[in-house]
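Reading the structure
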Amino acid sequence: LPEMKEWKPSLLAFHLINEDFWGPMDPLLGTVAPATRKQIAHTMDSLWMMRTQPEDVLMKLRPIPTFEMDYCEEARACRMLSVAPLGWETGVDLIGTPFQSYRIQVCYCMRKWTITKRFSDFIQLQKEMYAEVDLLPNILRKDMMFKFQIGDKVARAKGLVLFVEKMHHSLAARGMYSPRLMAFLGVDVLRIHLEEEGRVAKILDSVNLNIGSVWHPVDEVWLRKWRKFVMGRGARRYMPPGKITNLRLMEEVPLTISTRSGVDVTYTKWMPKKGMVLGKDYRSLNYNMFAYLKCVHGGGPWISSKDKEIDDKLREMPLISKSEFGGVAGFRCVVGTGLEAIIRLQSFMRMAMCLIKKMKNHTDKLSHEAEGVREVLYRYKEKCIEDDTHAYIRKEEERRAMGYLEAASNFTQKTWRAKKQIAVGGKALEAIKEAQEIFAEASGTLEQPADASPLVVEDVENIVAIPSTEEYTVTFHEGMPFSVGLGEYAATGETVVTQLRDDGRDFVAKLGADKKETQKMPLIVMKSVLVAINDCPTKALSFQQVKDRVAKTPFPISLVLRKPLEETHQLHQLKVFEAEDIKLQAFKRLLVHGMPIKLHNKKKTPVKSTIWLTTTHLAWRTEDYSPDTDVAKFLKSCQLSHLVKKFKRWEGMHNGEAVTGVTRSMLEAANGKKYSGAVQDYTLTYEDIGCTVASECQKLFAETTAWGQADVLKDFHTRDAQNLFDIKFVREGKLSPGFQSKAKENHCFTVHLQAFDKKGNEVAKSRVLEFEVDLSEDDAEGKSAAELSALKMEMRDVVVWGLTRIVAEARSSKYFLGEDGRTHRRKAPVRRLRII
């Protein structure tokens, strides 16, 4: 119901107004005081009264068989019961033995009162419940310590309350309640039942019909009994009406049909009786009211009609299914199109699943009793037990061995730390790190470990795990020129390799030295990401800090680089993986390599974009990019326009192929002389391609080096990124106005990110990225339009599934519990101090 959407705050407000929350008991005086708001917040999750659901207030629990006690079998109870201890009082019995009487507050169905019971009363209740309940939730035992007034009365009071609450809620989970327990707590079940039923009926009953629903006729004889029950008060109290008797409105009608073979078959079908009058024989109720009455009282069967009156048209409608009422065929002629239809369909599916489970159990039982099957099952069970035993033994051996290694490593670490006088806590690492920074700033050098102290560095924890990528180490010794161009990947904050050539080292003039003794540079791959410098991680350093560390680090300098992935599965090939974990790893590998996709925007001009994934960020290309290969434009920019026509008319061989016109790759392979350089082989001379002036050759070499580095930086500057903690969710379809009208709904998806204002503060509005999957011309060749559409839809589903899994993985470390005891959201990857 709409009124029950905000039931949790309403329930909390009700208990606060009635002062139902109590603080801890005084162990000496046996009294309690109303709880403060802080105490309520700390105990909220452990209170039964705040664990309820909206339907717990409905009177639908049936009584269990109770012996030697008068109770009404038709009375119903609800699950909403909460019991709280209010303290105790000490008294003396007739023979002078002290005892405690516990005062307990009972809250049942929005009503509360106080009862006083001795511990012996609870013991007697437990004995009587043994014969009615198969298994008690916990057992109460006598303790002689209380005879001497030295027992823990607070613990006993809490145990008694827990015994009562667990008993009621364990029965309520099976749709039952104990009349004996209710009488023990002072609950007048029958009175509260009729009061609550009248209140619920007043809410649910209406003279108008909801859209998409139908009317349900009910026997007027049963309704008269029900009205007497609901309206009875005091001495004029009536018993519940029992099960609904709608069979009085129906009759069995014989019908005859002819089969294809010409044989007449006679059968009977239940139909409404003729001549029934609305208001005299029956009344029509809406679906909510009838469903509630049937849930509480049972009976039936269901009869549905679009109009309040049952006419002859209703008799001509076919029978749908059997009713729960005694196995008699039910009459369900009309089903509403709204919530009622959904509920009916869900009920039918549950019934079908139960039937399948029942047939399976019958089959299993038949197999167990068949001749020869029991022996096979015993052998199989014996084998399973043997396999489980061996697996358990192996697991314990591995755990024991791992425990020895862990204990040995801990002992070694503690011994080393004790010898070096180093504290283990994070505060100690922060102090060491701060001292290192102060001395490094004062001396103008890198951070160095102090005497008897380790070197503490700052690193960034991964948000998600990515497939292993190849990392390699490059070492520069003294005498080797360190001429590696480094650039900033501004979107993610990483440092990447942007240039390997060096003008002073690699250029050789036509009449200069041969440079045959040039020392080869270590093999470095362009666009590799810098991971560490002399074991110091660079993930937490800015680009300027990386440059300063490289400049101040003495030889030998060791760089750890991560090579970009070159080969991976394409998006449309991921459907071959059936296991979800393998498919997820393949999808992550594709994102690490770069997944081509189409990015839409408000200008309605899609961009050929790419999505990348790192351990902390999701990056994407925001504008079109392709390598710059325009040689004429390059020559004009470096004041060498007179070479444009000469380079265009050039014809010759390059890499074994006939080429017309000088290309960028030829300029990068050209030098004053042919020789094997420090980072590449120069297979052409400038004289071969038409440049004969020495100064122009040297300038052309330097400008070509700068051209290559600028092109790599342009590649990274066209990318944008946001850390994985800022991704809210991923949705299918065109949920944003930035998509073109011709983009198909089942090919598109959106990524919703946390938006920020110009000052970097979070705003409520989300930043939305509109993507559309696309196929290359080679992959789309030979496929029809329908096949392409189906393939793109599968690709879109894989992307949405994979990104959703990545967001869920990031969410596992996104929230943390702060020092104030509240839950906070991380806005950036976690930075940790560690020792190297």
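In what follows, the structure referred to is the one given above.
What comes next concerns the included structure. (Residues numbered from 1 in each chain as written. Predicted model: local features only at pLDDT ≥ 70, side-chain atom pairs only at ≥ 80, totals over all residues. Heavy atoms only, no water.)

Turning our attention to the overall build of the protein. Along the protein, the regular secondary structure elements total 22 helices and 34 strands. Residues counted as buried form 42% of the 836 residues belonging to the protein. Roughly 48600 Å² of accessible area belongs to the protein as shown, and the carbon and sulfur atoms make up 55% of that amount. (Helix = DSSP H or I, 4+ residues; strand = E, 2+ residues; numbered from the N terminus. Buried < 20%, exposed > 50% of the residue type's maximum accessible area, 1.4 Å probe, protein only. Areas by Shrake-Rupley, 256 points an atom, 1.4 Å probe, with all protein chains shown as cover.)

We now examine the packing of aromatic side chains. For the structure on display, the rule yields 9 aromatic pairs. Between Phe 290 and Trp 302 the ring centres are 4.9 Å apart and the planes differ by 65°, which places this aromatic pair in the edge-to-face class. Note that Phe 290 is positioned in helix H8 (residues 287-297) and Trp 302 in the loop between strand S11 (299-300) and helix H9 (312-315), a separation of 12 residues in sequence. For the pair shown, Phe 290 and Trp 302 are each scored as buried. Here a set of aromatic residues connected by ring pairs shows up, and it is made of Phe 507, Tyr 675, Tyr 682 and Phe 701. A cation over an aromatic ring shows up here: Arg 719 above the ring of Trp 612, its NZ or CZ 3.8 Å from the ring centre. (Phe/Tyr/Trp six-rings, centres within 6.5 Å; stacked < 30°, edge-to-face > 60°. Lys NZ or Arg CZ within 6 Å of the ring centre and 35° of its normal.)

With omega at 0°, the peptide bond leading from Gly 300 into Pro 301 counts as cis. Positionally, Pro 301 belongs in the loop between S11 and H9. Between Phe 555 and the following residue, Pro 556, the backbone shows a cis peptide bond with an omega angle of 0°. Residue placement: Pro 556 occurs in the loop between helix H14 (543-552) and strand S18 (557-562). A positive phi angle is found at Cys 109, which is not glycine, with a value near 55°. By the secondary structure assignment, Cys 109 is in the loop between strand S3 (98-108) and strand S4 (111-118). Of the residues examined, Cys 109 reaches a relative accessible area of 1% and is grouped as buried. A positive phi angle, near 70°, is found at Asp 535, a position not held by glycine. Inspection of the secondary structure puts Asp 535 in the loop between strand S16 (529-533) and strand S17 (536-537). Classification of Asp 535 as exposed rests on a relative accessible area of 57%.

Tracing the backbone shows Thr 614 in the loop between strand S20 (607-613) and strand S21 (617-621). Ignoring anything within four residues of it in the chain, the contact list for Thr 614 reads Val 464, Ile 466, Glu 494 and Leu 724. (Contact = heavy atoms within 4.5 Å.)

Between side chains of opposite charge, a pair can form as their charged atoms come close. Following the criterion strictly, the structure yields 30 salt bridges and no others. The closest approach of N and O atoms between Arg 180 and Glu 128, which form a salt bridge, is 3.1 Å. Taken together, the residues Arg 180 in helix H5 (residues 179-184) and Glu 128 in helix H3 (residues 119-130) connect sequence positions 52 residues apart. With relative accessibility at 29%, the residue Glu 128 sits in the partly exposed group. Here Arg 832 ties to Glu 461 by a salt bridge, and the two come within 2.8 Å at their closest N and O atoms. On the criterion of sequence distance, the pair formed by Arg 832 in strand S34 (residues 831-835) and Glu 461 in the loop between strand S12 (456-460) and strand S13 (471-476) is long-range, its members being 371 residues apart. Assessed through its relative accessible area of 43%, Arg 832 is described here as partly exposed. Each of Arg 111, Asp 188, Arg 191, Glu 195, Glu 196 and Arg 199 takes part in a single network of salt bridges with overlapping partners. (Salt bridge = Lys/Arg side-chain N within 4 Å of Asp/Glu carboxyl O.)

To continue, consider the pairing of S20. The buried count for S20 comes to 6 of 7 residues, which makes it a mostly enclosed element. Pairing analysis gives 5 bridges linking strand S19 (residues 595-600) to S20, with the strands arranged antiparallel. The residue bridging Pro 596 from the neighbouring strand is Thr 610, located in S20. Connecting the antiparallel pair S19 and S20 is a turn made up of 6 residues, with Lys 604 showing a positive phi of about 60°. (Pairing = 2+ DSSP bridges.)

Relative to the elements of secondary structure, Arg 76 occurs in the loop between strand S1 (62-63) and strand S2 (81-92). For Arg 76, a relative accessible area of 4% puts it in the buried group. Among the polar contacts listed, one links the side chain of Arg 76 to the backbone oxygen of Glu 74, at a separation of 3.2 Å. A distance of 2.8 Å separates the side chain of Arg 76 from the backbone oxygen of Val 296, its partner in a polar contact. (Polar contact = N/O pair within 3.5 Å; in protein donor to acceptor, adjacent residues only side chain to side chain.)

Purely geometric stuff here, so don't read any function into it on its own.
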